[in-house]
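So you can see what is in the structure, the chains are spelled out below.
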Amino acid sequence: MNIYDFTVKAQDGTDVALSTFKGKVILVVNTATGCGFTPQYEELQNMYESLHEKGLEILDFPCNQFASQAPGDDAEIHDFCTGRYGITFDQYSKIDVNGENAIPLYKWITANTKFEGFNGAMKLLLGAVVKKMDPDYKNNGNIKWNFTKILINRQGDIVARFEPTASLDKVKAAIEEVL
């Protein structure tokens with residue numbers, strides 16, 4: 001099984017087969033518009049602009065599961081992201097990434113990745129917040145917070161997982177390796 005086996009919902013509710021991205025390098029990101037990590041949209045857009053021609057696709061999945069930081073409907077979220085950050089990569093319908101209502105794509109992701117640890121200035125704060133929600137968070141593949149990134153190679157397989165505190169320079173370097 002790989003990413004090409006899944007279908008997701010576009011913002012307008014239509015189905016999108018991820019097999020349409022065969023041969024591309026994909027960065028899957030769960031996002032939120034009211035999070036401390038929301039400014040990462042700017043760097044993600046820059047990455048997309050510089051690497052899209054080489055085969056990068058970014059798939060943006062808004063998620064409201066972490067401190068309700070993605071309020072609004074799909075259209076409001078999209079208007080915010082395009083208006084404030086000028087995003088041009090694909091943004092999908094708001095989803096759950098964990099739990100029984102998680103979409104199949106994210107059930108596959110969480111079953112096939114592990115938590116990579118937080119780092120940087122937010123390490124202690126984010127660790128404490130996440131521990132309250134999931135005392136065993138260090139030992140399972142659940143998505144811990146907004147802006148967790150999953151890198152998929154051209155064959156549709158997971159190559160790496162980056163927690164929201166990971167440097168976007170590190171993410172970009174990993175993308176460039178598989179491009």
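Structure first, text after, so check above.
This one's a predicted model, so the numbers in the text were calculated from it and none came from an experiment. (Residues numbered from 1 in each chain as written. Predicted model: local features only at pLDDT ≥ 70, side-chain atom pairs only at ≥ 80, totals over all residues. Heavy atoms only, no water.)

S.K.: Can you break down the side chain of Thr 38 residue by residue, with the values?
M.R.: Residue placement: Thr 38 occurs in the loop between strand E3 (25-31) and helix H1 (40-51). Residue classification places Thr 38 among the buried residues on the basis of a relative accessible area of 3%. Within polar-contact distance, the side chain of Thr 38 engages the backbone oxygen of Thr 33 at 3.5 Å. Sequence-distant contacts of Thr 38, that is, excluding residues within four places in its chain, are made with Ala 32, Thr 33, Phe 80, Tyr 85 and Phe 147. (Helix = DSSP H or I, 4+ residues; strand = E, 2+ residues; numbered from the N terminus. Buried < 20%, exposed > 50% of the residue type's maximum accessible area, 1.4 Å probe, protein only. Polar contact = N/O pair within 3.5 Å; in protein donor to acceptor, adjacent residues only side chain to side chain. Contact = heavy atoms within 4.5 Å.)

S.K.: Describe in detail the pattern of salt bridges, supporting the description with residues and values.
M.R.: Summed over all chains, the structure comprises two salt bridges. One salt bridge connects Lys 9 with Asp 15, and the closest N-O pair in it is separated by 2.6 Å. Residue Asp 15 is classed as exposed on the basis of its relative accessible area of 53%. Residue Arg 161 pairs with Glu 163 through a salt bridge whose shortest N-O separation is 2.8 Å. The exposure class assigned to Arg 161 is buried, which follows from its relative accessible area of 5%. (Salt bridge = Lys/Arg side-chain N within 4 Å of Asp/Glu carboxyl O.)

S.K.: Before we move on, could you go through the sheet that holds strand E7 (residues 158-162) and cite the residues and values that matter?
M.R.: A sheet is described by the order of its strands in space; here five strands give the open sequence E5-E4-E3-E6-E7, paired in mixed fashion. Each edge of the sheet is formed by a strand with only one pairing partner; in this case those strands are strand E5 (90-91) and E7. Here E3 pairs with strand E6 (residues 149-152) via four bridges, running antiparallel. Bridge pairing in E6 places Leu 27 opposite Leu 151. (Pairing = 2+ DSSP bridges.)

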